[in-house]
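What follows is the residue order along each chain.
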Amino acid sequence: MARLMRVAGIEGAHRRRRGKYGRRTVSTATAPDLVARQFTAPAPNRLWVADITNLRTLEGFLYLAVVVDAYSRRVVGWAMADHPRTELVLDAVGVAIFTRRPEEHGLVHHTNRGSQYTSYEFGQAPRSSGLEASMGRVGSAFDNAMANRYSPR
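Residues numbered from 1 in each chain as written. Predicted model: local features only at pLDDT ≥ 70, side-chain atom pairs only at ≥ 80, totals over all residues. Heavy atoms only, no water.

S.K.: How should the layout of surface pockets be read in this particular structure?
M.R.: Any empty space left between the atoms is revealed when a probe the size of a water molecule rolls over them. Of the volumes computed, that of the second largest pocket is approximately 180 Å³. What lines the second largest pocket is a set of 14 residues, and nearest its centre among them are Thr30, Gly123, Arg127, Ala133 and Met135. Contributions of two or more residues to the lining of the second largest pocket are made by α3 (120–128) and β5 (131–135). A total of six residues in the lining of the second largest pocket trace back to one element, the largest contributor, which is α3. Among the residues making up the lining of the second largest pocket, the classes are represented as eight nonpolar, five polar and one charged. (1 Å grid on protein atoms, 1.4 Å probe; cavity = no way out; pocket = protein on both sides within 12 Å on 5 of 7 lines; lining within 4 Å. Points joined across faces, edges and corners; volume = space filled by probe spheres on them. Helix = DSSP H or I, 4+ residues; strand = E, 2+ residues; numbered from the N terminus. Nonpolar A, V, L, I, M, F, W, Y, C, P; charged D, E, K, R; others polar.)

Next comes the structure, spelled out in C-alpha coordinates:
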(Lines give C-alpha, C1' and ligand atoms only; values in the text may rest on other atoms or scores of the structure.)
Protein backbone atom coordinates (compact mmCIF):
# COMPACT_ATOMS: atom_id res chain seq x y z
CA MET A 1 0.00 0.00 0.00
CA ALA A 2 2.83 2.41 0.85
CA ARG A 3 4.47 1.79 -2.52
CA LEU A 4 1.22 2.41 -4.40
CA MET A 5 0.57 5.63 -2.48
CA ARG A 6 4.14 6.81 -3.15
CA VAL A 7 3.78 6.08 -6.88
CA ALA A 8 0.46 7.93 -6.97
CA GLY A 9 1.99 10.89 -5.06
CA ILE A 10 -0.56 10.80 -2.24
CA GLU A 11 -0.11 10.54 1.50
CA GLY A 12 -2.31 9.88 4.48
CA ALA A 13 -4.08 12.71 6.27
CA HIS A 14 -2.34 13.92 9.43
CA ARG A 15 -2.40 16.98 11.64
CA ARG A 16 1.32 17.67 11.41
CA ARG A 17 2.25 21.03 9.95
CA ARG A 18 5.26 21.15 7.69
CA GLY A 19 7.74 23.95 7.26
CA LYS A 20 6.27 26.41 9.75
CA TYR A 21 8.56 26.04 12.76
CA GLY A 22 12.12 27.29 12.79
CA ARG A 23 11.46 30.25 10.51
CA ARG A 24 12.39 33.69 11.68
CA THR A 25 11.67 37.09 10.27
CA VAL A 26 14.64 39.12 9.14
CA SER A 27 13.76 42.03 11.43
CA THR A 28 13.88 39.93 14.62
CA ALA A 29 16.45 41.30 17.04
CA THR A 30 18.45 38.51 18.63
CA ALA A 31 21.39 38.20 20.98
CA PRO A 32 24.28 35.72 20.98
CA ASP A 33 24.17 32.57 23.12
CA LEU A 34 26.51 33.51 25.98
CA VAL A 35 25.49 30.54 28.13
CA ALA A 36 25.90 27.55 25.75
CA ARG A 37 23.88 25.28 28.08
CA GLN A 38 26.26 25.89 31.01
CA PHE A 39 23.72 26.84 33.67
CA THR A 40 26.20 27.27 36.50
CA ALA A 41 27.21 30.58 38.01
CA PRO A 42 30.14 31.30 40.35
CA ALA A 43 28.17 33.79 42.46
CA PRO A 44 24.68 35.30 42.76
CA ASN A 45 23.56 37.82 40.13
CA ARG A 46 25.89 36.55 37.41
CA LEU A 47 23.39 34.54 35.34
CA TRP A 48 19.62 34.88 35.21
CA VAL A 49 17.43 32.68 33.02
CA ALA A 50 13.88 33.61 32.08
CA ASP A 51 10.83 32.05 30.46
CA ILE A 52 7.11 32.57 30.00
CA THR A 53 4.39 29.92 30.26
CA ASN A 54 0.62 29.72 30.23
CA LEU A 55 -1.61 28.31 32.96
CA ARG A 56 -5.12 27.07 32.31
CA THR A 57 -7.65 28.25 34.90
CA LEU A 58 -11.41 28.03 35.16
CA GLU A 59 -11.67 31.61 33.89
CA GLY A 60 -9.27 31.19 30.96
CA PHE A 61 -5.51 31.32 30.48
CA LEU A 62 -3.05 33.19 32.67
CA TYR A 63 0.52 33.83 31.59
CA LEU A 64 3.44 33.61 34.01
CA ALA A 65 6.89 35.07 33.34
CA VAL A 66 9.73 34.07 35.68
CA VAL A 67 13.36 35.11 36.14
CA VAL A 68 15.58 32.58 37.95
CA ASP A 69 19.05 33.14 39.41
CA ALA A 70 21.24 30.26 38.19
CA TYR A 71 23.46 30.33 41.29
CA SER A 72 20.78 29.87 43.94
CA ARG A 73 18.08 28.50 41.57
CA ARG A 74 15.58 30.85 43.19
CA VAL A 75 12.91 32.80 41.40
CA VAL A 76 14.09 36.41 41.69
CA GLY A 77 11.36 38.02 39.61
CA TRP A 78 7.97 37.06 38.29
CA ALA A 79 4.85 38.59 36.81
CA MET A 80 1.43 37.23 35.89
CA ALA A 81 -1.16 38.63 33.47
CA ASP A 82 -4.00 37.59 31.19
CA HIS A 83 -1.90 38.36 28.09
CA PRO A 84 1.50 37.15 26.81
CA ARG A 85 2.71 40.54 25.61
CA THR A 86 6.13 42.11 26.10
CA GLU A 87 4.95 44.11 29.12
CA LEU A 88 4.64 40.85 31.06
CA VAL A 89 8.31 39.90 30.67
CA LEU A 90 9.38 43.50 31.25
CA ASP A 91 7.51 43.45 34.57
CA ALA A 92 9.22 40.20 35.60
CA VAL A 93 12.69 41.57 34.80
CA GLY A 94 11.81 44.82 36.56
CA VAL A 95 10.87 42.92 39.71
CA ALA A 96 14.14 40.94 39.54
CA ILE A 97 16.19 44.12 39.17
CA PHE A 98 14.29 45.84 41.99
CA THR A 99 14.59 42.94 44.45
CA ARG A 100 18.17 41.90 43.68
CA ARG A 101 19.64 45.29 42.76
CA PRO A 102 22.58 43.89 40.76
CA GLU A 103 25.54 46.24 41.15
CA GLU A 104 28.22 44.73 38.96
CA HIS A 105 27.90 44.88 35.22
CA GLY A 106 28.19 41.67 33.28
CA LEU A 107 25.03 40.01 34.58
CA VAL A 108 23.82 37.74 31.77
CA HIS A 109 20.06 37.52 31.20
CA HIS A 110 19.39 34.35 29.17
CA THR A 111 16.09 33.64 27.39
CA ASN A 112 14.67 31.72 24.48
CA ARG A 113 13.84 33.43 21.18
CA GLY A 114 10.18 34.03 21.89
CA SER A 115 8.54 37.09 20.38
CA GLN A 116 8.35 38.80 23.78
CA TYR A 117 12.11 38.55 24.25
CA THR A 118 13.04 39.56 20.69
CA SER A 119 10.87 42.67 20.72
CA TYR A 120 12.38 46.14 20.48
CA GLU A 121 11.07 47.18 23.91
CA PHE A 122 12.61 44.20 25.65
CA GLY A 123 15.90 44.71 23.85
CA GLN A 124 16.19 48.26 25.20
CA ALA A 125 15.18 47.61 28.82
CA PRO A 126 17.92 45.18 29.92
CA ARG A 127 20.65 47.21 28.23
CA SER A 128 19.61 50.32 30.11
CA SER A 129 19.92 48.35 33.38
CA GLY A 130 23.37 46.96 32.55
CA LEU A 131 22.25 43.41 31.73
CA GLU A 132 23.86 41.44 28.91
CA ALA A 133 21.26 39.73 26.72
CA SER A 134 21.73 36.09 25.76
CA MET A 135 19.42 33.85 23.72
CA GLY A 136 19.41 30.17 22.88
CA ARG A 137 19.04 28.75 19.39
CA VAL A 138 15.78 28.62 17.46
CA GLY A 139 13.68 25.54 18.21
CA SER A 140 15.95 24.11 20.92
CA ALA A 141 14.24 23.69 24.28
CA PHE A 142 17.49 22.53 25.92
CA ASP A 143 19.13 25.94 25.40
CA ASN A 144 16.79 27.34 28.07
CA ALA A 145 16.25 24.14 30.06
CA MET A 146 16.85 25.64 33.48
CA ALA A 147 14.02 28.15 33.10
CA ASN A 148 11.74 25.54 31.50
CA ARG A 149 11.84 23.37 34.58
CA TYR A 150 9.87 26.06 36.45
CA SER A 151 7.02 25.80 33.96
CA PRO A 152 4.11 23.85 35.48
CA ARG A 153 3.35 21.82 32.34
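S.K.: How should the pairing of strand β2 (residues 60–69) be read in this particular structure?
M.R.: Each regular strand shows side chains that alternate between the opposite faces of the sheet. Of all the 10 residues making up β2, seven are buried; the element is thus mostly covered by neighbouring parts of the structure. In terms of strand pairing, strand β1 (residues 47–57) meets β2 through 10 bridges, oriented antiparallel. Along β2, the bridge assignment pairs Trp48 with Asp69. Linking two consecutive strands that pair antiparallel, namely β1 and β2, is a turn of two residues. As judged from the seven bridges shared by β2 and strand β3 (residues 74–81), these two strands associate in the antiparallel manner. What sits directly across from Leu64, in β3, is Met80. Between β2 and β3, which follow one another and run antiparallel, lie four residues, and Arg73 among them has a positive phi close to 60°. (Buried < 20%, exposed > 50% of the residue type's maximum accessible area, 1.4 Å probe, protein only. Pairing = 2+ DSSP bridges.)

S.K.: Whenever I open this one, the sheet that holds β3 confuses me. Can you help?
M.R.: Across a sheet, strands are paired by hydrogen bonds formed along the backbone, either parallel or antiparallel in direction. Reading across from one edge, β3-β2-β1-β4-β5 is the order of the five strands in this open sheet, with mixed pairing throughout. Each having just a single partner strand, β3 and β5 make up the two edges of the open sheet. For this sheet, the mean angle separating the axes of adjacent strands, direction not counted, is 25°. Here helix α2 (residues 86–100) sits on the sheet in contact with β1, β2, β3, β4 (107–111) and β5, set at roughly 145° to β3. (Axes fitted to C-alpha atoms, helices over the stretch in contact; angles between N-to-C directions. Contact = heavy atoms within 4.5 Å.)

S.K.: Just checking my understanding: could you explain the nonpolar core for this structure?
M.R.: A general tendency of soluble globular proteins is for nonpolar side chains to be buried together. Residues Trp48, Ile52, Ala65, Val67, Leu88, Val89 and Tyr117 are the most contacted members of the largest nonpolar core, which totals 20 residues. Every element with two or more residues in this core is listed here: β1, β2, β3, α2 and β5. Top element by residues in this core is α2. It accounts for five residues. Not counting residues within four places of it along the chain, the set of residues in contact with Val89 comprises Ile52, Ala65, Gln116, Tyr117 and Phe122. Grouped together as the second largest cluster of nonpolar side chains are 10 residues, Val35, Leu64, Val68 and Ala70 included. (Core = buried A, V, L, I, M, F, W, Y, C linked by side-chain atoms within 4.5 Å.)

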